[in-house]
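# Close look at the chain arrangement
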Amino acid sequence: MTNDRPEYRVTETAADYEAAVAALAGGTGPVAVDAERASGFRYSQRAYLIQVFRRGSGVFLFDPIALEGEVGHDLTALQNAIVGEEWVLHAASQDLACLREVGLDPVDIFDTELAARLLGLPRVGLGPLTENLLGIHLAKEHSAADWSTRPLPQSWLTYAALDVELLVDLRDEVEKLLEASGKTEIARQEFHGELVKEAKAPRAEPWRRLSGIHSLRGVRNLAVARELWLARDELARERDTAPGRLVPDAALTAVAKAMPSSKRELAGLKEFTGRASRSEIDRWWNAIELGRTTDDLPVTRPTGEHVPPVRAWADRNPEADARYRLARERVSAYGEEHAIPVENVLTPELLRRVAWEPPVPADAASIGAQLAAGGARPWQVEATAELIATAFVEAEQSAAEAEQSAS
């Protein structure tokens, strides 16, 4: 598919931008949109390339970094030209945030990846879908590239262009499958839900995401791990570099476990690796000393309103454990019957929450209301509320019968 492809140009000047916007405004039908970030290379999740395709217009590759100095941070003219159209994205949840950062915010989307999941297709990546439904092979060798690279190689631009050039055709084929399976309305609700979903609030203690942190036992070790994580995060933000490229998580955890008593001992720790491990030795040592001396000690296990891990339910709340296991079985059976992955029938987190603390009374109406309040779509409530309510009743009856038998 990549043979004899045209040379693609990046839109990076005001004149080229205006021409691209005019061409897209004059096109017809849905607009395919994609964005390339530099995850794993940069600290930020900003878009470094934005691809747009529309029938009758062609493909345009926008460089939002270069255009920021030409037309401003927000791509207002592009937004105005296409905002009233349906935008076709693949895995929209990955791109909406960085698109919105530059003022590109759709009001109507079609997500080919999400639709493929609802159809129960075995492989939902853009490459497999394009090959299976359009008979065209897409090479995906640049999917993990550093898109902050400048200039971008032509092979990368070809890859980026193909990501949107075939997306509208793919959308049409997926829509046919949705109609044939009776899932058009389900998909519509899911697309809208993705569009209006609020961004997750920042974690209260993001340093607890440090890999291997559960192997640390003492609160002083945790305090050192926290200060090392914060020091690395600050440096990563300053350099706009992915934190793990400076010092990997395993290196920070190893230091917090070893608790070196001197800067020299820290430098000699073989597990302490990474490009900034020695060049920023003073920074890391200051973090260690702060962790050693602070009075602001972290708790070993944070408490909060979160539902505990399911593995602990049998001991802590056996009734909830029984409710959850039977309800999960029924929801899974629904997913299998309708060829929808269970996590798309109802998110596991939402099912856990309602099983851990069900409403009173725990009937279909009140459970449905709790599911809806937690973000479930109307089709999900209709599909699962009665199943869950029945499972809860049966679990309670089974527990009562077991108790009578034991006595």
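Just so you know, the residues in each chain are numbered from 1, in the order the chain's sequence is written. Owing to the predicted nature of the model, reporting of local features is limited to residues with pLDDT of at least 70; listing and counting of side-chain atom pairs is limited to 80 or more, with chain, interface and lining totals taken over all residues. Side-chain figures throughout are based on the complete set of non-hydrogen atoms in the structure, without hydrogens or water.

## Quick word on the overall build of the protein chain
Across its full length, the protein chain carries 20 helices and 6 strands. Across the 407 residues that make up the protein chain, the buried fraction comes to 45%. In this description, accessible areas are obtained by the Shrake-Rupley approach with a 1.4 Å probe, and a residue is regarded as covered only by the protein chains that are shown. Approximately 20,600 Å² of the protein chain is accessible, and the part contributed by carbon and sulfur atoms is 50%. Charge-centre separation for the protein chain: the mean point of 46 positive side chains lies 8 Å from the mean point of 64 negative side chains. Only DSSP runs of H or I covering at least 4 residues are called helices, and only runs of E covering at least 2 are called strands; the numbering of each starts at the N terminus. Relative accessibility decides the category of a residue: with a 1.4 Å probe and only protein chains considered, values under 20% of the type maximum give buried, values over 50% give exposed, and everything between is partly exposed. Note on charges: Lys and Arg go in the positive column, Asp and Glu in the negative column, and His and the chain ends are not counted at all. Charged side chains are reduced to one point each, which is NZ for Lys, CZ for Arg, CG for Asp and CD for Glu.

## Examining the UniProt feature "domain: HRDC" (unreviewed entry) in the protein chain
The UniProt record marks residues 218-298 with the feature "domain: HRDC" (unreviewed entry), using the residue numbering of this structure. For residues 218-298, the end-to-end C-alpha separation is 10 Å, with 65% helix and 0% strand making up the annotated structure. UniProt positions are given in the numbering used here, feature names are shortened, and annotations may be inferred rather than shown by experiment.

## Some thoughts on the packing of aromatic side chains
Paired rings are identified among Phe, Tyr and Trp, the last through its six-membered ring, by centres lying within 6.5 Å, and are further divided according to the angle between planes into stacked (under 30 degrees), edge-to-face (over 60) and tilted (the rest). Under the defined criterion, the tally for this structure stands at 8 aromatic pairs. Here the aromatic rings of Tyr-17 and Phe-62 are separated by 6.0 Å at their centres, their planes lie at 80°, and the arrangement is edge-to-face. One end of the pair, Tyr-17, is in helix H1 (residues 14-25); the other, Phe-62, is in strand S4 (residues 58-62), with 45 residues separating them in the sequence. Considered together, Tyr-17 and Phe-62 belong to a single accessibility category, that of buried residues. Of the aromatic side chains, those joined through ring pairs into one cluster are Tyr-17, Phe-60 and Phe-62. One cation-aromatic arrangement involves Arg-46 over Tyr-48; the distance from NZ or CZ to the ring centre is 5.9 Å. A positively charged side chain is recorded as over a ring if its NZ (Lys) or CZ (Arg) lies within 6 Å of the ring centre. The angle to the ring normal must also be within 35 degrees. Directly above the aromatic system of Phe-392 lies the positively charged group of Arg-323, at a separation of 5.8 Å from the ring centroid.

## Some remarks on a positive patch on the surface
Together, Arg-217, Lys-257, Arg-301 and Arg-311 make up a positively charged patch on the protein surface. By the secondary structure assignment, Lys-257 is in helix H12 (residues 249-258). Two joining distances apply to patches: 9 Å for like charges and 5 Å for nonpolar side chains (Val, Leu, Ile, Met, Phe, Trp, Tyr), and every residue must have over 30% relative accessible area and no salt bridge. By convention in these notes, a salt bridge is any Lys or Arg side-chain nitrogen within 4 Å of a carboxyl oxygen on Asp or Glu.

## Re the pattern of salt bridges
Within the structure shown, the criterion is met by 29 salt bridges. The residue Glu-68 makes a salt bridge to Arg-46 at a minimum N-O spacing of 3.1 Å. Note that Glu-68 is positioned in helix H2 (residues 64-71) and Arg-46 in the loop between strand S2 (28-36) and strand S3 (49-55), a separation of 22 residues in sequence. Since its relative accessible area comes to 36%, Glu-68 is described here as partly exposed. For Arg-46, a relative accessible area of 25% gives the class partly exposed. Several salt bridges converge on common partners, so that one network encompasses Arg-55, Glu-86, Asp-169, Arg-171, Asp-172 and Glu-175.

## Describing the sheet that holds S2
A pair of strands is labelled paired if DSSP reports no fewer than 2 bridges between them. Reading across from one edge, S1-S4-S3-S2-S5-S6 is the order of the 6 strands in this open sheet, with mixed pairing throughout. Only two strands of the sheet have a single neighbouring strand rather than two, namely strand S1 (10-11) and strand S6 (109-111). Taken together, the 2 bridges between S2 and strand S5 (residues 87-89) define a ladder with parallel strand orientation. Residue Val-31 lies in a different strand from S5, and its bridge partner there is Trp-87. Should any heavy atoms of two residues lie within 4.5 Å, those residues are considered in contact. In this description, a line fitted to the C-alpha atoms serves as the axis of each element, helices being fitted only across the stretch in contact, and the angle between N-to-C directions of two axes falls anywhere from 0 to 180 degrees. Across the sheet, H1 lies against S1, S3 and S4, angled at about 145° from S4, the strand it touches most. The strands touched by helix H8 (residues 167-181) within the sheet are S2, S3, S5 and S6, with S2 carrying the most contacts at an inclination of about 110°.

## Quick notes on the packing of helix H10 (residues 219-239) against helix H14 (residues 281-293)
The geometry of a pair of packed helices is captured by two quantities: the angle between their axes and the separation between those axes. Where H10 contacts H14, the axes come no closer than 8 Å and their chain directions differ by 145°. Read as a crossing pair, H10 and H14 show a hand that is right-handed. Residue-level contacts link Arg-220, Ala-223, Val-224, Glu-227, Leu-228, Ala-231, Arg-232, Glu-234, Leu-235 and Glu-238 of H10 to Arg-283, Trp-284, Ala-287, Ile-288, Leu-290, Gly-291, Arg-292 and Thr-293 of H14. Residues are grouped as follows: Ala, Val, Leu, Ile, Met, Phe, Trp, Tyr, Cys and Pro are nonpolar; Asp, Glu, Lys and Arg are charged; all remaining types, including Gly, are polar. Of the residues belonging to the contact of H10 with H14, the class tally is 9 nonpolar, 2 polar and 7 charged. Helix crossings fall into two classes, left-handed where the near helix is turned counterclockwise from the far one by less than a right angle and right-handed where it is turned clockwise.

## A closer look at helix H7 (residues 154-165)
Under the 1.5 Å per step criterion, the end-to-end length of H7 is 16 Å for 12 residues, consistent within 8% with the ideal 16 Å. Extensive coverage of H7 is indicated by the burial of 9 of its 12 residues. Within H7, burial applies to Trp-156, Leu-157, Thr-158, Tyr-159, Ala-160, Ala-161, Leu-162, Asp-163 and Val-164. The secondary structure elements touched by the buried residues of H7 are S1, S2, S3, S4, helix H6 (126-134) and H8. For a helix, the expected span equals 1.5 Å multiplied by the residue count minus one.

## A short note on the pairing of S3
Among the 7 residues in S3, 6 count as buried, and that is most of the element. Pairing analysis gives 7 bridges linking S2 to S3, with the strands arranged antiparallel. The partner of Val-33 across the bridge, within S3, is Val-52. Where S3 meets S4, 5 bridges bridge the pair, whose relative direction is antiparallel. Bridged to Gln-51 within S4 is Leu-61. In textbook terms, the turn of a hairpin is the stretch between consecutive antiparallel strands, and for S3 and S4 this stretch comprises 2 residues, one of which, Gly-56, has a positive phi near 85°.

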